[in-house]
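Breakdown of the fold
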Amino acid sequence: MKIDLKKLNTSAHASIPFDETIDLTGKLLAPGLIDSHIHIEERMPIDDTVSAFENMMRDNDYDRIAVLAIPSFYGYGQNYEAFYCKDRLSPKVYASAGLCHRTDADDSYYLDEIKAYYAMGCDGVKILDGKPNCYRQNGRRLDDKVYDRFYAFCEEKQLPVTMHIGDPAPFWDFENA
């Protein structure tokens, strides 16, 4: 395959001199790299985390990263830290909120929670009920009716939902999970 760079000279790239053809035969043409699953290191101060993310992006030539807050059963987990990283590194960071799992929650709780995160600027959400130890604690499947309105909102707003669904079989031993 050959690409005539003169044909790519759109107004967005008008300042780049496209005057050659590049032969890409046998080569891979890919858009900028996005690492779609980065976590915050809890033992590191948040500004050090931001610096580590900057270094990682530079060293690995990432165009963007998605910081996924670890969800919590007890509070807002790493959500504020994820939003902080997004703010500091914008527009190169997407922030996915971690859903706060509660055994007493109803469908209104999860809908209100995702609406609040969306209003704060989340770009996606992470849910852990497919992870054996979380399922054991919460007792909910990923397709539980309590999540229907939550999923409908995510679909309406085109928010990606990241789930843990493939832990190894030994993790499903509920006596030891």
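The present account deals with the structure reproduced in this document. (Residues numbered from 1 in each chain as written. Predicted model: local features only at pLDDT ≥ 70, side-chain atom pairs only at ≥ 80, totals over all residues. Heavy atoms only, no water.)

1. Digging into the pattern of salt bridges
Inspection of every chain in the model, using the stated rule, returns nine salt bridges. Residue R58 is joined to D59 by a salt bridge in which the shortest nitrogen-to-oxygen separation is 3.1 Å. Comparing R58 with D59, the two get one shared label, exposed. Between R141 and D143 there is a salt bridge, with its nearest N and O atoms 2.9 Å apart. There is no split in this pair, since R141 and D143 are both exposed. (Salt bridge = Lys/Arg side-chain N within 4 Å of Asp/Glu carboxyl O. Buried < 20%, exposed > 50% of the residue type's maximum accessible area, 1.4 Å probe, protein only.)

2. A word on unusual backbone geometry
Here S90 and P91 are connected by a cis peptide whose omega angle stands at 5°. If you trace the backbone, P91 turns up in the loop between α2 (79–89) and β5 (93–98). Notably, D61 is not glycine yet its phi reads approximately 55°, a positive angle. Position of D61 relative to the elements: it lies in the loop between α1 (46–60) and β4 (62–68). (Helix = DSSP H or I, 4+ residues; strand = E, 2+ residues; numbered from the N terminus.)

3. Quick word on the state of the cysteines
What the rule picks out here adds up to zero disulfides. Distance from the sulfur of C122, which forms no disulfide, to the nearest cysteine sulfur (C154) is 7.5 Å. A relative accessible area of 4% means that C122 is categorised as buried. Since its relative accessible area comes to 2%, C154 is described here as buried. (Disulfide = S-S within 2.5 Å.)

Such coordinate-based values are descriptive only and should not be taken to indicate function.
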